[in-house]
Amino acid sequence: ALSEKVRDAARRLQVTPYVLLLGIFGLLLRRYSGQREILVGSPMIGRTQPELKDLVGYFVNPVTLRLDVTDDRTGPDYLAGLRETVLGALEHQSYPFPLLVERLQPERDTSRSPLFQVAFVYERETGTPLLEQGLFSELLIGGQRGAVFDLTLTALDRTKGFRLTWEYASALFEADTIARMQGHFERLLEALLDQPEQSLQNLPLLSETEAARIQDWNGTDCPVPPAANLVELITAKVAACPDAVAVDTGDTQVSYADLDARACRLARHLQERGVGANSVVAIALPRSAEQLIAVLGVLRAGGACLPVDPEDPAERIGFLLRGSEAALVLTNAATSEKMQDDAAPIVTLTPDDPILTTGNAEAPACPAGPEDLLYVLFTSGSTGRPKGVAMPHRALVNLIGWQMTQAGLENPARTLQYTPLTFDVAFQEIAWTWCSGGTLVLIDEERRRDGRALLDWIENRNVERAFMPFVALQHLAESAGEQALPACLQDIVTAGEQLRTTPAIRAVFQRSTCRLHNHYGPTESHVATAYCLPEEVAEWDDLPPIGRPVGNVAIHLLDETGHPVPVGVPGELCIAGPCLANGYLKRPDLTAERFVEHPEHERIYRTGDFARWRADGLIDYLGRRDDQVKLRGIRVELGEIE
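These remarks concern the structure in this document.

Reading the values: rules and limits
Residues numbered from 1 in each chain as written. Predicted model: local features only at pLDDT ≥ 70, side-chain atom pairs only at ≥ 80, totals over all residues. Heavy atoms only, no water. Helix = DSSP H or I, 4+ residues; strand = E, 2+ residues; numbered from the N terminus. Buried < 20%, exposed > 50% of the residue type's maximum accessible area, 1.4 Å probe, protein only. Contact = heavy atoms within 4.5 Å. Areas by Shrake-Rupley, 256 points an atom, 1.4 Å probe, with all protein chains shown as cover. Lys, Arg positive; Asp, Glu negative; His and termini not counted. Charge placed at Lys NZ, Arg CZ, Asp CG, Glu CD. Pairing = 2+ DSSP bridges. Core = buried A, V, L, I, M, F, W, Y, C linked by side-chain atoms within 4.5 Å. Axes fitted to C-alpha atoms, helices over the stretch in contact; angles between N-to-C directions. Parallel < 35°, antiparallel > 145°, perpendicular 65-115°, else oblique. Left-handed = near helix turned anticlockwise from the far one by under 90°. Expected span 1.5 Å × (residues − 1). Salt bridge = Lys/Arg side-chain N within 4 Å of Asp/Glu carboxyl O. Patch = residues over 30% accessible without salt bridge, like charges linked within 9 Å, V, L, I, M, F, W, Y side chains within 5 Å. Phe/Tyr/Trp six-rings, centres within 6.5 Å; stacked < 30°, edge-to-face > 60°. Lys NZ or Arg CZ within 6 Å of the ring centre and 35° of its normal.

### Topic: the overall build of the chain
When helices and strands are tallied, the chain shows 20 helices and 30 strands. Taking the principal axes of the C-alpha coordinates as reference, the chain spans close to 115 × 50 × 45 Å. Scored against the burial criterion, the 642 residues of the chain give a buried share of 53%. In the chain, once contacts between residues fewer than 6 apart in sequence are set aside, the share between residues at least 24 apart is 68%. Just so you have it, the chain exposes about 29,700 Å², and 50% of that area is on carbon and sulfur atoms. Put simply, the chain has 60 plus and 88 minus side-chain charges, and the middle of one group is 2 Å from the middle of the other.

Written out as structure tokens, the structure reads:
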């Protein structure tokens, strides 16, 4: 029945079935590859002269067809243009393909065919066997052979319908992939036949079954703590375990009660200085207990933390303070010298500062709600101007709710405070630890950079959990040498850049009992997906997946036109749910460009990352669609370098 519809549509659109089926093949390749132009090879009979008609010999010659698959064209317009392309190719079908390659001199690669890597073959059934003058003729199909091209679609035109055969390089494609591809071909074909005037970009690719399956992978509902802000969750732990150690610097230990008392005094001082909900307070302090007290103090006052690296140049510090319109700066005497005259008012803190040690330690009312700001992080900007990501309390509260459902990660743990405060993972370290009643173990910069010293510190301070980007994990594995990771270390969470399970990482985890988790989430969201690698290191992929969406988060992989892509096909990774930032601070234009509307959600964030669904529902990260790079987990736009 479908074959008859193809013949009828071809007659109506004044094209041959060859052009119609070739057009669908080109549209399928466009959807899979993202390319607007597709080069397809197709063999021509090569007997253009009457004298060659009855001559025995092989005259077949491949031609290269350039298919223009522009999304906003209708089916008839697209097929009419393709018909002219085919007619032009027929005029030159006798030009020898080897001579064409010799004349064009393309860059050669022995792993693939020159000019085209996919082919479309159209053949007609020859009819009944011929008996004439004692000769018997019969069509013989040869046995199995290797694929000539990466992918070849052969359409055999028979009286009882078209028979389509897919030949593929098994080094590149799995059988399940080709089966899905065949289904998508048929889906596009039926859609074009039923809705010929529809724009190509709106022709459906996914079946209802596929769409429902992907939707199920986003079904990650989990309970959210009944808290208006992160402070309420931390306050509950202060009340539950006041004498437990909240911060361990190696030299001193700060209990939850002492930490909260100092933070409450600071919060009252900040509120007296005018800090309230959504007030931005810069924290320009080195890694220390005072830095962590400052974070909690700002949050207790209702303000939003703006981490500032004290080692940054004065010019950048000034830009961050002016760009965020910071109400105050919490810093020390050394860093205050870098503050420019037009910067915000400065509050210098020392370990024994009266602001922290004297006065009323009762908790002030925190005016921050779920949508109010928790922190502002400035990330590199493609135009050269850094942009401030405005993250609300809602995102961290949701993350804590999901964490409480994860085996092993819901328990209190001595957690290494490894990442700089200017990296969003630091807030994950702090929130996860304090909301579960664990201990943040600080480390100085000298030990932090020395892999062997870092391992010793983890062992000596009985660290059970660590967060670090891939490059730091690789350094740690190389520093371990032939030894295992410290036995106390139960979990390492890596984030910030693509995880690669190098030989050094595999070897050290083979000797250790530590679990390895791969998290994904750009600065504009908090953790969006998570994956715990199998216990058996032999089962690890070289590039492990980034996992499945965390609780209450949805992931959509979309093509250029905003349509969902099938399993296995690259698409832009877009995030929806409570993990999203409110946008870019005081940049409504940029916010509107990246945080966009979606039929199923109030908004989604377009990450600019490419990814694909795997058949098991996990997500593979594939890289960027622009020039953005990551250095030690830190995002860098080349425009800012320029």
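### Overview of the sheet that holds strand β22 (residues 548–549)
Strand order in this open sheet of nine strands is β9-β8-β17-β16-β18-β19-β20-β21-β22, and the pairing throughout is mixed. Two strands in the sheet have a free side with no partner beyond their single neighbour: β9 (253–255) and β22. Summarising the sheet, strand β16 (residues 414–417) and strand β17 (residues 439–442) pair through four bridges and their orientation is parallel. The residue of β17 that forms the bridge with R414 is T439.

### So, the nonpolar core
One recurring pattern in soluble globular proteins: nonpolar side chains tend to sit buried together. In terms of nonpolar packing, the biggest core is built from 138 residues, with F120, L230 and W434 touching the most fellow members. Looking at this core element by element, the count peaks at eleven residues for helix α2 (residues 17–33). One finds C488, C514, Y531 and V537 within the second-largest nonpolar core, a separate group that totals 32 residues.

### Structural notes on the packing of α2 against helix α5 (residues 175–194)
With their axes 10 Å apart at the nearest point, α2 and α5 run at an angle of 120 degrees to one another. On the basis of the axis angle, α2 is oblique to α5. Here α2 runs over α5; the crossing is right-handed. Note on element contacts: α5 touches α2 through R180, M181, H184, F185, L188, L189, L192 and L193, opposite L20, L21, I24, F25, L27, L28, R31 and Y32.

### Notes on helix α14 (residues 425–436)
For α14, which comprises twelve residues, the first-to-last C-alpha distance of 17 Å matches the rise-based estimate of 16 Å (1.5 Å per residue) to within 8%. Extensive coverage of α14 is indicated by the burial of twelve of its twelve residues. Of all the residues in α14, the buried ones are V425, A426, F427, Q428, E429, I430, A431, W432, T433, W434, C435 and S436. One or two residues past the end of α14 sits G437, with phi positive at roughly 85 degrees.

### Comments concerning the side chain of R465
Of note, R465 is situated in strand β18 (residues 465–468). No salt bridge is formed by the buried R465, whose closest oppositely charged neighbour, D491, lies at an N-O distance of 4.7 Å. With near-sequence residues (within four places) excluded, R465 lies in contact with Q403, G408, L409, N411, A413, R414, T415, L416, W432, L489 and D491.

### Structural notes on unusual backbone geometry
The residue Q14 is not glycine, and still its phi comes out positive at about 60 degrees. Along the chain, the position of Q14 falls in the loop between α1 (2–13) and α2. You will see that N552, though not glycine, has its phi angle at about 70 degrees, which is positive. With respect to the helices and strands, N552 occurs in the loop between β22 and β23 (554–558). Residue classification places N552 among the partly exposed residues on the basis of a relative accessible area of 22%.

### Overview of a nonpolar patch on the surface
Taken together, the side chains of V629, L631, L638 and I641 present a nonpolar region at the surface, about 350 Å² in accessible area. One can find L638 in helix α20 (residues 638–641).

### Things to note about the packing of aromatic side chains
Applying the stated criterion across every chain yields a total of 16 aromatic pairs. Summarising the aromatic geometry, the rings of Y375 and F427 are spaced 4.3 Å apart at their centres and angled 25 degrees between planes, so their arrangement reads as stacked. Placement of Y375 in strand β14 (residues 373–379) and of F427 in helix α14 is noted, with a sequence separation of 52 residues between them. F427 shares its class with Y375; the two are buried. Within the aromatic cluster, the residues linked to one another by ring pairs are Y18, F25, F120, Y122, W166 and F185. The ring of Y418 carries R448 above its face, with NZ or CZ at 4.5 Å from the centroid.

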